[in-house]
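Listed below are the residues making up each chain.
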Amino acid sequence: MTTEKKVILEVKELSVHFKIKDTKSLLFPKHQTLKAVNNVSFNLYEGETLGIVGESGCGKSTLARAIIGLVESSKGNILWLGKELTEQNAKEWKAVRNDIQMIFQDPLASLNPRMTIGNIIAEPLKIYQPHLSKEEVKEKVRAMMMKVGLLPNLINRYPHEFSGGQCQRIGIARALIVEPKLIICDEPVSALDVSIQAQVVNLLKSLQKEMKLSLIFIAHDLAVVKHISDRVLVMYLGNAVELGSYEQVYHHTKHPYTKALMSAVPIPDPKLERNKQIQLLEGDLPSPINPPSGCVFRTRCPLADQHCIADKPILKGLNNHLVACFQAK
Ligand code: SF4
């Protein structure tokens, strides 16, 4: 008998478009549409980690913010435990935000410098679990500090007294204190030294196991998500271009954009690393205000042909390894 994995989050054909002013026409300013996220669909299963990868400006952080209701979606559906999130009122959001917490990129900037770390970590408890007494809150904060590797006797210190890695541990403690089901980690290690990155990733992995969490882990480079992801979603210019298991995306890479990202991932063997061929991406990321016709990657793709200019490939494939490319085999 096989046990079906439980889907906790369903994102269906989600788009996030922003109306912005065209600053070039000063006299009669027109509005333009910035297409940050286009028609993105994926499921997240209980207890799994989905890595979302792509260059800066590919829409991954906007997608995360739409899931947690920090930006409004323009089209599509987001279902959390079967409940539609795009039509919720403020009261309903409060309940969901207890379940879905977020960890941000810049650890120090995301912490209020005027608050002690004890108060920073306790803040979500005061919002989502106001019935707890002062003593209960303090006890939970101390226990959580121990869990993330911070000494509880530092509870009255301020964020500037901590290193970047320790600040990220404070951010993790703050996100976990309400015992959420899902943590969205928005580039949580990109502002940290490489040596500290591994420590934070390992901490998240062990806490995930211990607290039975699901994670969405956003990064701009495949090397970082490699050590934590069960599945990986690759995004380019607001579009999902490849989605599959860790094994499929890393070892049977299909999309030309993912192949270019993969070629930049360091190989631990110095000889192989020296001899590997890096596929440099030509040109810049096009503007999401004026994306290319057809395939969004065609202006930088070495395989692009007439078909790619005329038509847009959709995400499809076999064995849950989905690719948006006409030439994917
Ligand atoms: S559809 Fe064409 S342009 Fe797009 S990735 Fe595939 S080959 Fe390249």
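Heads up: the structure comes first, above all this text.
Since the model is a prediction, treat every value here as computed from it, not as a measurement.

Conventions and cut-offs
Residues numbered from 1 in each chain as written. Predicted model: local features only at pLDDT ≥ 70, side-chain atom pairs only at ≥ 80, totals over all residues. Heavy atoms only, no water. Helix = DSSP H or I, 4+ residues; strand = E, 2+ residues; numbered from the N terminus. Rg over C-alpha atoms; globule rule 2.2 N^0.38 Å. Buried < 20%, exposed > 50% of the residue type's maximum accessible area, 1.4 Å probe, protein only. Contact = heavy atoms within 4.5 Å. Areas by Shrake-Rupley, 256 points an atom, 1.4 Å probe, with all protein chains shown as cover. Lys, Arg positive; Asp, Glu negative; His and termini not counted. Charge placed at Lys NZ, Arg CZ, Asp CG, Glu CD. Near = heavy atom within 4 Å. 1 Å grid on protein atoms, 1.4 Å probe; cavity = no way out; pocket = protein on both sides within 12 Å on 5 of 7 lines; lining within 4 Å. Sits in = over half its atoms within 2 Å of the grid points. Nonpolar A, V, L, I, M, F, W, Y, C, P; charged D, E, K, R; others polar. Axes fitted to C-alpha atoms, helices over the stretch in contact; angles between N-to-C directions. Parallel < 35°, antiparallel > 145°, perpendicular 65-115°, else oblique. Left-handed = near helix turned anticlockwise from the far one by under 90°. Pairing = 2+ DSSP bridges. Polar contact = N/O pair within 3.5 Å; in protein donor to acceptor, adjacent residues only side chain to side chain. Points joined across faces, edges and corners; volume = space filled by probe spheres on them.

S.K.: Would you mind going over the overall build of the chain with me for this structure?
M.R.: Helix and strand counts for the chain come out as 11 helices and 12 strands. Its C-alpha radius of gyration of 21 Å places the chain within 12% of the 20 Å reference for a compact globule of 329 residues. For the C-alpha atoms alone, the extent of the chain along its principal axes is close to 70 × 60 × 55 Å. Taken across its 329 residues, the chain has 46% of its residues classed as buried. In the chain, 66% of the contacts between residues at least 6 apart in sequence involve partners at least 24 apart. With the model as given, the accessible surface of the chain reaches about 17500 Å², and the carbon-plus-sulfur share is 52%. Side chains of the chain give 41 positive and 33 negative charges; the mean places of these two sets differ by 1 Å.

S.K.: Got a minute to help me understand the site of the ligand in this structure?
M.R.: Close to the ligand lie 13 residues, the nearest being Cys295, Cys301, Cys308, Cys325 and Phe326. When atom positions are compared with the pocket grids, the ligand is found to occupy the largest cavity. Partitioned by chemical class, the residues of the shell around the ligand number 10 nonpolar, 2 polar and 1 charged.

S.K.: Looking at this structure, I do not really get the packing of helix H3 (residues 117-128) against helix H5 (residues 164-176). What am I missing?
M.R.: Axis angle and axis distance: for two packed helices, these are the angle between their axes and the distance between the axes, and together they describe the pair. One way to put it is that H3 packs onto H5 with a least axis distance of 7 Å and a crossing angle of 30°. Compared by their axis directions, H3 and H5 come out roughly parallel. The element H3 and its partner H5 pack so that their crossing is right-handed. In this structure, H3 uses Ile117, Ile120, Ile121, Glu123 and Pro124 to contact H5, whose residues at the interface are Ile170, Ala173 and Arg174.

S.K.: Quick question: what am I supposed to make of the sheet that holds strand E9 (residues 231-236) here?
M.R.: Sheet strands line up and pair through hydrogen bonds in the backbone, either parallel or antiparallel. The 8 strands lie next to each other as E6-E7-E8-E3-E9-E10-E12-E11, forming an open sheet whose pairing is mixed. In the strand order of this sheet, the two ends are held by strand E6 (100-103) and strand E11 (316-318), each with one partner. On average, each strand axis in the sheet is tilted by 20° relative to the strand beside it, whichever way the strands run. As judged from the 4 bridges shared by E6 and strand E7 (residues 182-186), these two strands associate in the parallel manner. Counterpart to Ile100 in the pairing with E7 is Leu182.

S.K.: What should I look at first to understand helix H1 (residues 60-67) in this one?
M.R.: Each full turn of the α-helix corresponds to 3.6 residues, which orients residues three or four apart in the same direction. Summarising burial for H1: 6 of the 8 residues are buried, a large majority. Among all positions of H1, only Lys60, Thr62, Leu63, Ala64, Ala66 and Ile67 are buried.

S.K.: Please clarify how the side chain of Ser229 should be interpreted in this entry.
M.R.: Relative to the helices and strands, Ser229 is located in the loop between helix H7 (222-226) and E9. Only 2.9 Å separates the side chain of Ser229 from the backbone oxygen of Val225, close enough to count as a polar contact.

S.K.: Any chance you could explain the layout of surface pockets here in plain terms?
M.R.: Using a probe with the size of a water molecule, rolled over the atoms, empty space left in the structure can be pinpointed. In this structure, the largest pocket encloses a volume near 370 Å³. Looking at the largest pocket, it is lined by 21 residues, and the ones nearest its centre are Gln101, Met102, Phe104, Pro124 and Arg174. At the level of secondary structure, the elements contributing two or more residues to the lining of the largest pocket comprise E6, H3 and H5. Among the elements that take part in the lining of the largest pocket, H3 stands out by supplying 5 residues, more than any other.

S.K.: Honestly, empty space enclosed by the protein in this entry has me stumped. Any pointers?
M.R.: Scanning the model with the defined rule gives 1 cavity of 30 Å³ or more in all. Considering only enclosed or pocket space, the largest cavity measures out at about 70 Å³ in volume. Grouping the amino acids of the lining of the largest cavity by side-chain chemistry returns 8 nonpolar, 2 polar and no charged.

S.K.: What is the right way to look at the side chain of Lys60 in this model?
M.R.: Within the fold, Lys60 resides in helix H1. Those residues in contact with Lys60 that sit more than four places away from it in its chain are Ile52, Val53, Gly54, Glu55, Glu187, Ile218, Ala219, His220 and Met235.

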